[in-house]
Amino acid sequence: MTIAVPPASLAADAVRPLVRIVIVGHVDHGKSTLVGRLLHETGSLPEGKLEMLKAVSARRGMPFEWSFLLDALQTERDQGITIDTTQIRFRTPSRDVVLIDAPGHAEFLRNMITGASQADGAVLIIDALEGVRDQTRRHGYLLQLLGIKQVAVVVNKMDRVEFSAARFGDISNEITAHLTSLGVTPTAVIPISAREGDGVAARTDNIAWYDGPTVVEAIDKLTPAQPLDALPLRLAVQAIYKFDDRRIVAGRIESGHLRAGDDIVIMPAGKIAKIKTVEGWPVTPLAGSFGAGRSVGITLDRELFVERGDVIGHAGTAPRDTRRLRARIFWLHDQPLTAGASVLVRLGTRETRANVVAIEKAVDPGDLASEAASEIKRNHVGEIDLSLSQPVAADPADSNPRTGRLVIEINGRIAGGGLVLSVDSGQRAATADIVPVESALLPGERAARYRHNGAVLWFTGLPGSGKTTIARALERRLFDRGGSPILLDGDTLRAGLNNDLGFSPADRAENIRRLAELAAHLAANGHVAIVAAVSPALADRAAARRIAGDRFREIYVATSADVCEQRDPKGHYAKARAGGLPNFTGIGNDYQPPTASELVLDTAGLSVSEAVGQVETMLAQTDVLIEDLADLAAHI
Amino acid sequence: MDHLDALEAQSIFILREAFARLKKLALLWSLGKDSNVMIWLARKAFFGRVPFPALHVDTGKKFPEMYAFRDTYAKEWDLDLRVDPCPPIDSVDPTLPPAARSAARKTEGLKLALAKYGFDGLIAGIRRDEEATRAKERVFSPRGTEGGWDVRDQPPEFWDQFNASPPPGAHLRIHPILHWTEADIWAYTKREGIPIIPLYLAQDGKRYRSLGDQDITFPVDSNAASIDEILLELETTKVPERAGRALDHETEDAFERLRVAGYL
């Protein structure tokens, strides 16, 4: 059947919403067939197209194949798969739809991302016979990562399961649970047969037991992308043009509004100006207010250095400037992304080198298995901590989707991308009432006296591994060479500063946070803060690294549990074995060893002074100890 | 912001990204309705000035009305116009069907112009709705050193982040109006008062919907003698835009072969 769709008319264009939807799902679950059927039933096929498809199918000796409509490439038709994303338009009774057909094959995930990243909503397709597959889950995960919240699920090929309501119910429950766990609520779950037409534009007798919307009705309910106009102003600067005597700042309004006369802040530098004019062509200057999505050009009331990559906001609601970001990204490159990697990050129009400080989580979105977080493999998702070589203006994605997303480039090609989870995550925002006071000394003054730069040396390892012993010996060694080491022992601080904290995971995390804040403060003032703390959780230590930034050095005292228990310097193991220390780390399995520390020490075969020597070598190699003066002295 | 405003803003964004990120750009001007809109958009993006050359790869077989249009508006729009000829037909793959072979001449002309000027970016006015392989294009689409399009290995485009670092000797095709439809082009042409070549308007029951070379482009049946009438016609017609383009219909994959080899 073909449903009645009102003809396009120019007057109606202004009021008919335009939505972009992407059709995703496992290979062979019927995406292209559904698209062909949708176009046919909404009367959107050009003349002769049906006949052409019949001829193409016949030439290949196949029954009629809808997917040939979109699978335009020869290889696609020959292999019966969609290789690249494509876009096509059609109309439902109340929407103009741009339909994006995305490939299901794992090796074409980059094409699926390319298509889906343009969409307002999605249709996720599942084969009734095969049920939910890895690629189905992967696509569900990616939709969530791309910020697509409206997902209609269709269970296709119901004809192959005799239109069984029970089979439909099982799949419906499974996919609903999966999507809900990702924070996406399906707008509908629809039983269909794309080939036969059931459930696409009409509820047929075959699915008489189903009383929800058809696919066309579900698409009709999708709404265009979120209103960016209501958010604070973000103008991403693309360039400064000086083609005549005007100096025009050109860019796109990503969110919010602007007009001539507005007070603005140019981030990340934080310079303040007023918009003098909004320029245009062929008419200029332009009056009125300009909202999200507009590409504009403005002039300012004063000469300021503004450059590509800057973000303009209004005074009071400007974005944060930061050199540190935490992001959840999808990785597409053949080579896994590893901690320590040097990459190029693009955030809006800003481009900057960045270092992957840590990989905190890695997940295969196909089976949702978390993996050892030392790298993110191709087509996997991970959470990373980035240190940027230039400050950027950014927002967390949940407060602004446009300035809260980034891509990573390797060798000139986009290799991954995703959402900003937090900005400046380690250095918590100072509230308006708190004005941190800077030291009276310059950083270099202390370094010149102590012959070292400020650092946080974080010793982690099981109780009894030798952390405190090495830390104390190191404190002595650094002091004897004229430095300013300060020992921060976990137990000692728990006796005072942290005596309000217990041993729950939350209290342990807070204990580490305070240790890290204190150590980072000392390091920022030129001291070497030596922290000795079991700090069993990877996430807590990653948080400490974020707080201390580039000054952080992690030293893993990797002595085995057996050796530690034999030593038992504080009698904790014995007490724990006797049941007296219920939350003791060491006998349980709750210690998470580091995956990428600056130094690993195994004290089983190492003397204390050898261990300290290794720490010193590492400190010299990582620019904490300044050796040139010592060398000079040796030559006198 | 209405539909045409949104299309315009996105195209301006793309043009400005191309200008910011590539060193040596040119805009391909085929004199048709799409590339005329594209030049107009470039003038909007850069406040009246097109800051890169307009390149016409000339087969010598355009309609006289098209040459007249070019010479008038190159001057009026203050374009840095470069006209480069195509090589003779016998230098083109003889196994191609006749119309495709004629079109492939243009690809050769394009390659010669690229080599001559060293452009690393070519802005082209193709649209997704014109033809099925064009629907699979990227906004910034890399071409190999031979000008070829590797459809199997297109880089990902996340949101509006484009890949803009072609390897040495290669170039990028930039498609600022990929997301427009034929009806959008006409509605915008009307709204902005962009001049058009009269061949698009019906005379004696025929008009050109798509303008290529004289020998391989044919008019379609139509009584639409104004842009308003064209728009009305587009609402009801089911005849594809390129129906009058011979090369699209010679073999199933004629157009794909041309595009993979570097055709627009």
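Being a predicted model, the structure only gives us computed values, none of them experimental.

1. A few points about the overall build of chain A
Phase 1 of the analysis: For chain A, the count of helices and strands is 17 helices and 28 strands.
Phase 2 of the analysis: Relative to its 636 residues, chain A shows a buried fraction of 55%.
Phase 3 of the analysis: Within chain A, residue pairs in contact and separated by at least 24 positions form 73% of the contacts whose partners lie at least 6 positions apart.
Phase 4 of the analysis: Accessible area of chain A: about 26,300 Å², with a carbon and sulfur share of 52%.

2. With respect to the packing of helix H1 (residues 3-21) of chain B against helix H5 (residues 182-192) of chain B
Residue and element names in this part refer to chain B.
Phase 1 of the analysis: Here H1 crosses H5 at 95°, and the two axes come no closer than 11 Å. Accordingly, the angle class assigned to the pair H1 and H5 is roughly perpendicular. Taking contact as the criterion, the partners of His3, Leu4, Asp5, Leu7 and Glu8 in H1 are, on H5, Asp184, Ala187, Tyr188, Arg191 and Glu192.
Phase 2 of the analysis: Considered class by class, the residues forming the contact of H1 with H5 number 4 nonpolar, 1 polar and 5 charged.

3. What about the sheet that holds strand E26 (residues 528-532) of chain A?
Residues and elements named next belong to chain A.
Phase 1 of the analysis: Reading across the sheet, the 5 strands line up as E25-E26-E24-E27-E28 and stay open at both edges, with parallel pairing between neighbours. Every interior strand has two partners, whereas the edge strands, strand E25 (485-489) and strand E28 (599-601), have only one. With direction set aside, neighbouring strand axes in the sheet form an average angle of 20°.
Phase 2 of the analysis: One ladder, built from 5 bridges, connects strand E24 (residues 455-460) with strand E27 (residues 552-557); its direction is parallel. Bridge pairing in E27 places Trp458 opposite Glu554.

4. Concerning the side chain of Asp198(A)
All names here are of chain A.
Phase 1 of the analysis: By the secondary structure assignment, Asp198 is in the loop between strand E6 (186-191) and helix H8 (215-221).
Phase 2 of the analysis: There is no salt bridge for the buried Asp198, and the closest opposite charge comes from Arg37, which lies 7.6 Å off by N-O distance.
Phase 3 of the analysis: Separated by 2.8 Å, the side chains of Asp198 and Asn206 make a polar contact.
Phase 4 of the analysis: When neighbours within four sequence positions are excluded, Asp198 is seen to be in contact with Phe163, Pro191, Ile192, Ser193, Thr204, Asn206 and Ile207.

5. As for the confidence of the model for chain A
All names here are of chain A.
Phase 1 of the analysis: Per-residue pLDDT for chain A has a mean of 85; in total, 89% of the residues score no lower than 70.
Phase 2 of the analysis: Confidence drops under pLDDT 50 across residues 9-14; counting only partners more than four residues distant or on other chains, this segment forms 7 contacts.
Phase 3 of the analysis: Across residues 425-434, confidence stays below pLDDT 50; counting only partners more than four residues off in sequence or on other chains, it has 13 contacts.

6. As for unusual backbone geometry
Residues and elements named next belong to chain A.
Phase 1 of the analysis: For the peptide bond that leads from Trp281 to Pro282, omega is 5°, which places it in the cis range.
Phase 2 of the analysis: A cis amide bond, omega -10°, links Thr284 with the succeeding residue Pro285.
Phase 3 of the analysis: Mapped onto the secondary structure, Pro285 falls in the loop between strand E11 (271-279) and strand E12 (290-291).
Phase 4 of the analysis: Its identity as a non-glycine residue notwithstanding, Lys157 has a phi of 60°, on the positive side.
Phase 5 of the analysis: Along the polypeptide, Lys157 turns up in the loop between strand E5 (150-156) and helix H7 (165-181).
Phase 6 of the analysis: Classification of Lys157 by relative accessible area gives buried; the value is 17%.
Phase 7 of the analysis: The backbone of Phe163 sits at a positive phi, close to 50°, despite the residue not being glycine.
Phase 8 of the analysis: Within the secondary structure, Phe163 is located in the loop between E5 and H7.

Conventions and cut-offs
- Residues numbered from 1 in each chain as written.
- Chains lettered and ligands numbered in written order.
- Predicted model: local features only at pLDDT ≥ 70, side-chain atom pairs only at ≥ 80, totals over all residues.
- Heavy atoms only, no water.
- Helix = DSSP H or I, 4+ residues; strand = E, 2+ residues; numbered from the N terminus.
- Buried < 20%, exposed > 50% of the residue type's maximum accessible area, 1.4 Å probe, protein only.
- Contact = heavy atoms within 4.5 Å.
- Areas by Shrake-Rupley, 256 points an atom, 1.4 Å probe, with all protein chains shown as cover.
- Axes fitted to C-alpha atoms, helices over the stretch in contact; angles between N-to-C directions.
- Parallel < 35°, antiparallel > 145°, perpendicular 65-115°, else oblique.
- Nonpolar A, V, L, I, M, F, W, Y, C, P; charged D, E, K, R; others polar.
- Pairing = 2+ DSSP bridges.
- Lys, Arg positive; Asp, Glu negative; His and termini not counted.
- Salt bridge = Lys/Arg side-chain N within 4 Å of Asp/Glu carboxyl O.
- Polar contact = N/O pair within 3.5 Å; in protein donor to acceptor, adjacent residues only side chain to side chain.
- pLDDT = per-residue confidence, 0-100.

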